[in-house]
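If you want the building blocks of each chain, they are given just below.
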Amino acid sequence: MSRFFEKIKSIVEIKREEFNLFLQQYKNIKIGEIKISQIINGMRGLKVLFTDLSSVDPEKGIIWRGYTVDEVLQKLPKPPLSKMPYVEAQFYLLITGDIPSETEVREIIDIFNERRKLPDYVYNILKTMPKETDPNIMLSVAINSMQHESVFAKAYQKGKVTKYNAWEYMLEDVLNLLPKISIISAFIYRLKYKNMFIKEDDSLDLGGNLAYMMGIKQPYDEFLRLYMILLSDHENGNVSAHTTHLVASALADAYCSISAGINGLSGPLHGGAIRESFNWFMNLYQQKKNQLTKEILEQICVDMLNKGLVIPGYGHAVLRNKDPRFLAQMKFGEEYLKNDELFKIARLAFDTIPHILKKHTKIKNPWPNVDNISGIIHSHYGIDKNFFTVLFSNSIAVGSLANIFWDRALNLPIERPKSVTISQLFELNKTRI
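Scoring rules and cut-offs
Residues numbered from 1 in each chain as written. Predicted model: local features only at pLDDT ≥ 70, side-chain atom pairs only at ≥ 80, totals over all residues. Heavy atoms only, no water. Helix = DSSP H or I, 4+ residues; strand = E, 2+ residues; numbered from the N terminus. Rg over C-alpha atoms; globule rule 2.2 N^0.38 Å. Buried < 20%, exposed > 50% of the residue type's maximum accessible area, 1.4 Å probe, protein only. Contact = heavy atoms within 4.5 Å. Areas by Shrake-Rupley, 256 points an atom, 1.4 Å probe, with all protein chains shown as cover. Lys, Arg positive; Asp, Glu negative; His and termini not counted. Charge placed at Lys NZ, Arg CZ, Asp CG, Glu CD. Core = buried A, V, L, I, M, F, W, Y, C linked by side-chain atoms within 4.5 Å. Pairing = 2+ DSSP bridges. Phe/Tyr/Trp six-rings, centres within 6.5 Å; stacked < 30°, edge-to-face > 60°. Lys NZ or Arg CZ within 6 Å of the ring centre and 35° of its normal.

1. Description of the overall build of the chain
Right, so step 1: Looking only at helices and strands, the chain has 20 helices and 3 strands in total.
Right, so step 2: Its C-alpha atoms give the chain a radius of gyration of 22 Å, within 12% of the compact-globule value 22 Å for 433 residues.
Right, so step 3: Every one of the 433 residues in the chain was classed for burial, and the buried ones make up 53%.
Right, so step 4: For the chain, contacts bridging at least 24 residues in sequence account for 75% of all contacts bridging at least 6.
Right, so step 5: Just so you have it, the chain exposes about 21200 Å², and 53% of that area is on carbon and sulfur atoms.
Right, so step 6: With 54 positive and 48 negative side-chain charges, the chain shows a separation of 5 Å between the mean positions of the two kinds.

The following block contains the structure:
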């Protein structure tokens, strides 16, 4: 671990100095104005959070450390005979800002292999939970159960944590926890759906090993690598990433923080969006079987829009162009799922629905989003729809844990926005008239 640790230490020192100098020089500069509608409607569009890991360009899509989706998929090192990069390489990029070499990726893989063993009590806790428990809740509970092992929490209780070294303890937690999440997830999958557990393979990378432990053959490992990279980080404002950051801002450890973020994925407007889109495509297939045509689909969509319904899997709050994350999954589907009936419907929808949305709505982005066909691809390989969110959790953990490491490295303070009442808003409005 020494080379990786020393590199992180040098990066932290440089970035911390740059960050503090920037803050001193520009801290009083104002960025835009806040509208009452933004306060009431979920703070949408407000530029009030900081992250250096990713941003969303309305035309190019998600940008990770300066690299587009296509650049990341092309530049990051790949396992032997694989078309998709190591998930560990994406983690390295998010943590350091650099494209890693094969040697640097292997170091991360070795670190994860040394730390991924689960305590026996985690397996026992999962086995005793009710069969009806949602898989993602099981994942959250399992992570929380290990909190007492947090290096950060133990160091803080002993008075060892300072604003200068907090990142070191947080990094230990991040490196200890991230590889365990896939082990927990695979065990939950086998426990709920297969009644047996396949041992992990320490010769495999994070994505490949997760597919192996779940007992799903290639090329699902390729899709998991792709999926975990595509959904690893998406600014800091989405519910799961923001929740993780918010909890960590109170100097909570990585276990409590990522568990909270994983709980944030439970709602249908965030982590459940994949399942909502999948259900819609499944309903189309069950109702029309192989009789669905472009004309029939157009009429179905127009009827939905006339009723005020939203077409699942379409639109994006920031993007004004096709989502590169969707396109990457579509490309995978066209290579491996050509004969899948649900994928055929998704392909038809991609060719049909954007034109309908442009004609019948004022939507700013009529294109399918990243959640559109994820569920179809997972389902093609036998994954139950109730497990989709667990795979989403594995993905967001990569970026969210990297983010809270940098929260501690840059000594970001506790997040505490100010609330206002309706009467205060009325008074504020009067003073401006």
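On we go from here.
2. Describing the nonpolar core
Right, so step 1: Among the nonpolar cores identified, the biggest contains 130 residues, and Ile 184, Met 214, Tyr 220, Leu 401 and Phe 405 are the most heavily contacted of them.
Right, so step 2: When residues of this core are assigned to their parent elements, the largest contribution, 16 residues, is made by helix H9 (residues 166-194).
Right, so step 3: Discounting chain neighbours no more than four positions away, the residues touching Phe 405 are Ile 8, Val 12, Ile 95, Trp 167, Met 170, Leu 171 and Val 174.

3. Side note on the environment of Val 370
Right, so step 1: Of note, Val 370 is situated in the loop between helix H17 (341-360) and helix H18 (374-380).
Right, so step 2: The class for Val 370 is buried, based on a relative accessible area of 7%.
Right, so step 3: Each C-alpha atom of the pair Val 370 and Ala 328 lies 9.2 Å from the other, and the pair is 42 residues apart in sequence.
Right, so step 4: What Val 370 contacts, discounting residues up to four positions off in sequence, is Leu 231, Asp 323, Arg 325, Phe 326 and Gln 329.

4. A look at the pairing of strand S2 (residues 61-64)
Strand residues, when the strand is regular, have side chains that alternate between the two faces of the sheet.
Right, so step 1: Strand direction decides the pairing type here: strand S1 (residues 54-57) and S2, joined by 4 bridges, are antiparallel. Within S2, the position partnered with Val 56 by the bridge is Ile 62.
Right, so step 2: The loop that links S1 with its antiparallel partner S2 comprises 3 residues.
Right, so step 3: Here S2 pairs with strand S3 (residues 67-68) via 2 bridges, running antiparallel. When the bridges of S3 are listed, Ile 63 appears paired with Thr 68.
Right, so step 4: From the end of S2 to the start of S3, which pair antiparallel, there are 2 residues, and Arg 65 there has a positive phi angle of about 50°.

5. Things to note about unusual backbone geometry
Right, so step 1: The residue after Gln 218, namely Pro 219, is reached through a cis peptide bond having omega 10°.
Right, so step 2: Relative to the elements of secondary structure, Pro 219 occurs in the loop between helix H10 (206-214) and helix H11 (220-230).
Right, so step 3: At Leu 81, a position not held by glycine, the phi torsion is positive, near 70°.
Right, so step 4: The residue Leu 81 is located in the loop between helix H3 (69-75) and helix H4 (87-96) in this model.
Right, so step 5: By relative accessible area, which is 90% here, Leu 81 ends up exposed.
Right, so step 6: In this structure, Leu 251 is a non-glycine residue whose phi angle is positive, near 65°.
Right, so step 7: Counting through the fold element by element, Leu 251 comes out in the loop between helix H12 (239-248) and helix H13 (254-263).

6. Looking at the packing of aromatic side chains
Right, so step 1: Taken as a whole, this structure holds 20 aromatic pairs when the rule is applied.
Right, so step 2: Ring geometry for Tyr 189 and Tyr 193: centres 5.4 Å apart, planes at 50°, overall tilted. Separated by 4 residues within a single helix, Tyr 189 and Tyr 193 lie in helix H9, roughly one turn from each other.
Right, so step 3: When the ring of Phe 405 is compared with that of Trp 406, the centres are 5.2 Å apart and the planes differ by 70°; the resulting orientation is edge-to-face. Across the pair, exposure class does not vary: Phe 405 and Trp 406 are buried alike.
Right, so step 4: Ring pairing ties together the aromatic residues Tyr 220, Phe 223, Tyr 227, Phe 332, Tyr 336 and Tyr 381, which thus form one cluster.
Right, so step 5: The ring of Trp 367 carries Lys 322 above its face, with NZ or CZ at 4.8 Å from the centroid.

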